[in-house]
Amino acid sequence: MTAPTPAIEVAGLTKAYGDTTVLDGVDLTVPEGTVYALLGPNGAGKTTIVNILSTLLTPGDGEIRVAGFDVRREPAGVRAAIGVTGQFSAIDELLTGRENLRLMADLAHLDRATTTDAVQAMLERFELLDAADRRAQTYSGGMKRRLDLAMTLIVRPRLIFLDEPTTGLDPRSRRELWAIVRELVADGVTVLLTTQYLDEADHLADKIGVLDGGRLVAEGTSAELKRRVPGGHVSVQFTDPARLAVAAATYLDATADHDALTLQVPSDGTVAGLRRVLDGLDDDGVAGLTVETADLDDVFLALTGHAAEAPVSEAEEIPA
Ligand SMILES: Nc1ncnc2c1ncn2[C@@H]1O[C@H](COP(=O)(O)OP(=O)(O)OP(=O)(O)O)[C@@H](O)[C@H]1O
Ligand SMILES: [Mg+2]
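The present account deals with the structure reproduced in this document. A quick note: this is a predicted structure, and the numbers were derived from the prediction, not measured.

Reading the values: rules and limits
Residues numbered from 1 in each chain as written. Chains lettered and ligands numbered in written order. Predicted model: local features only at pLDDT ≥ 70, side-chain atom pairs only at ≥ 80, totals over all residues. Heavy atoms only, no water. Helix = DSSP H or I, 4+ residues; strand = E, 2+ residues; numbered from the N terminus. Buried < 20%, exposed > 50% of the residue type's maximum accessible area, 1.4 Å probe, protein only. Contact = heavy atoms within 4.5 Å. Areas by Shrake-Rupley, 256 points an atom, 1.4 Å probe, with all protein chains shown as cover. Lys, Arg positive; Asp, Glu negative; His and termini not counted. Charge placed at Lys NZ, Arg CZ, Asp CG, Glu CD. Near = heavy atom within 4 Å. Polar contact = N/O pair within 3.5 Å; in protein donor to acceptor, adjacent residues only side chain to side chain. Nonpolar A, V, L, I, M, F, W, Y, C, P; charged D, E, K, R; others polar. Phe/Tyr/Trp six-rings, centres within 6.5 Å; stacked < 30°, edge-to-face > 60°. Lys NZ or Arg CZ within 6 Å of the ring centre and 35° of its normal. Core = buried A, V, L, I, M, F, W, Y, C linked by side-chain atoms within 4.5 Å. Pairing = 2+ DSSP bridges. Axes fitted to C-alpha atoms, helices over the stretch in contact; angles between N-to-C directions. Salt bridge = Lys/Arg side-chain N within 4 Å of Asp/Glu carboxyl O.

**A word on the overall build of the protein chain**
Right, on to step 1. Across its full length, the protein chain holds 12 helices and 14 strands.
Right, on to step 2. Counting over 320 residues, the protein chain shows a buried share of 46%.
Right, on to step 3. Of all intrachain contacts in the protein chain linking residues separated by at least 6 positions in sequence, the fraction that spans at least 24 positions is 67%.
Right, on to step 4. Split by element, the accessible area of the protein chain, about 16,000 Å² in all, is 52% carbon and sulfur.
Right, on to step 5. In the protein chain, 29 side chains carry a positive charge and 50 a negative one; their mean positions are 6 Å apart.

**Observations regarding the site of ligand 1**
Right, on to step 1. In the region of ligand 1, 13 residues are neighbours, and Gly43, Lys46, Thr47, Thr48 and Gln87 sit closest.
Right, on to step 2. A distance of 2.8 Å separates an oxygen atom of ligand 1 from a polar backbone atom of Gly43.
Right, on to step 3. Thr48 places a polar side-chain atom, nitrogen or oxygen, 2.5 Å from an oxygen atom of ligand 1.
Right, on to step 4. Relative to its free-state accessible area of 640 Å², ligand 1 is covered by the protein chains to the extent of 59%.
Right, on to step 5. Here the shell around ligand 1 gets three residues from one element, more than from any other, and that element is helix 1 (residues 46–53).
Right, on to step 6. A per-class count over the shell around ligand 1 returns four nonpolar, seven polar and two charged.

**Observations regarding the environment of Arg73**
Right, on to step 1. Topologically, Arg73 is positioned in the loop between strand 5 (69–70) and helix 2 (75–81).
Right, on to step 2. Residues Arg73 and Gly18, 55 residues apart in the sequence, show an inter-C-alpha distance of 24 Å.

**Focus: the packing of aromatic side chains**
Right, on to step 1. What the rule picks out here adds up to zero aromatic pairs.
Right, on to step 2. The ring of Tyr197 carries the charged tip of Arg174 above its face, separated from the ring centre by 4.2 Å.

**Comments concerning the nonpolar core**
Right, on to step 1. In terms of nonpolar packing, the biggest core is built from 45 residues, with Val35, Leu101, Phe126, Leu147, Leu153, Val181 and Val191 touching the most fellow members.
Right, on to step 2. In contact with Leu101, other than residues within four places in its own chain, are Val119, Met122, Leu123, Leu147, Ala150, Met151 and Ile154.
Right, on to step 3. Ranked by size, the runner-up nonpolar core spans 26 residues in total, among them Leu28, Ala44, Phe161 and Leu211.

**Quick look at the pairing of strand 3 (residues 35–39)**
Right, on to step 1. Along strand 3, five of the five residues are buried, which leaves the element largely enclosed by surrounding structure.
Right, on to step 2. Residues of strand 3 alternate between two faces, with Val35, Ala37 and Leu39 on one and Tyr36 and Leu38 on the opposite face, all of them buried.
Right, on to step 3. Of the strand pairs in this sheet, strand 3 and strand 8 (residues 190–195) are connected by five bridges, and their pairing is parallel. Directly across from Tyr36, in strand 8, lies its bridge partner Leu192.
Right, on to step 4. Alignment of strand 3 against strand 9 (residues 207–212), held across four bridges, turns out to be parallel. Among the inter-strand pairings, Leu38 is bridged to a residue of strand 9, identified as Gly209.

**Thoughts on the sheet that holds strand 4 (residues 63–66)**
As a general point, the strands of a sheet are linked pairwise by backbone hydrogen bonds and lie either parallel or antiparallel.
Right, on to step 1. The strand order across the open sheet formed by four strands is 2-1-4-5, and the pairing between neighbours is antiparallel. Lying at the two open borders of the sheet, with one neighbouring strand each, are strand 2 (20–30) and strand 5.
Right, on to step 2. Across four bridges, the pairing between strand 1 (residues 8–17) and strand 4 is antiparallel. Along strand 4, the bridge assignment pairs Val10 with Ile64.
Right, on to step 3. Running at roughly 120° to strand 1, helix 1 makes contact with strand 1, strand 2 and strand 4 of the sheet.

**A word on the pattern of salt bridges**
It is possible for side chains of opposite charge to pair when their charged atoms get near one another.
Right, on to step 1. According to the stated counting rule, one finds 15 salt bridges in the structure shown.
Right, on to step 2. A salt bridge links Arg73 to Asp70; its shortest N-O distance comes to 3.3 Å.
Right, on to step 3. The class for Arg73 is exposed, based on a relative accessible area of 65%.

Next comes the structure, spelled out in structure tokens:
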């Protein structure tokens, strides 16, 4: 049996604007029915990759196949197979939510009955029924994001690109969107998403590509990436400064915070490692302790030499 064609195959992708290289040889493969997260700070090249894969932008060099079609030679095939939710909204603000959805269905040549049913289903699923007949310009940022996604999904694409789908959403809306992505994948849909949120990649992705300065600096599952970084530690809270000082003198690789009365002792997260830390502690001097394993923030810092950007606020991110 031959392996099924991957949903996305990219080899040696480059892109430059004049003398400025924006993508510097990107390779990635996304098997069908999986979620791939492109994680990277502002300007890393995430949107550029999405735009090239969705045929909105011409690549420089490289072999790029999407849904089995070559993006340069068979762009119509690619377009018929995909749905795209861009970083910035595709909504027509002067139309109602219902009208925006109907427009997308019409563009995809759905027949009338199918369109009516599909529009209704999307309004229900994305909790937009009450607002369906109001102009989209009256929607909140979260409602617009949901409408945007509904407009992508109404034609039931098998492969979906989501460019920063949850930037600017409140925690509840983010979790709802994550649930929707999981449902889609359970149905066999392939998702390539971009995000600046490390926890989003952690929650959703089968595979994460860390993009920095137009290069994939690391790729793997969340667990694989975390294993590459020994960022775990035990954080010990002391009852008084003297006890902290004694412990700090014992654990030479630890970092003391004298104001907070805490000591961070590096630990690999294993039971044996934890026991070594605990054995050196005196019962009465300790007010509490927490075990912290490496998170994707640590991974990002270790791989790129700089921290991931803090997410921007909703006001800046959602265009009016
Ligand atoms: N039309 C253009 N002309 C010149 N440079 C461009 C153009 N479009 C994008 N760039 C540059 O390409 C780089 C990558 O941009 P891109 O939009 O792909 O980043 P991103 O990872 O999506 O960032 P963000 O998180 O801010 O959305 C940036 O340095 C950007 O300035
Ligand atoms: Mg972008």
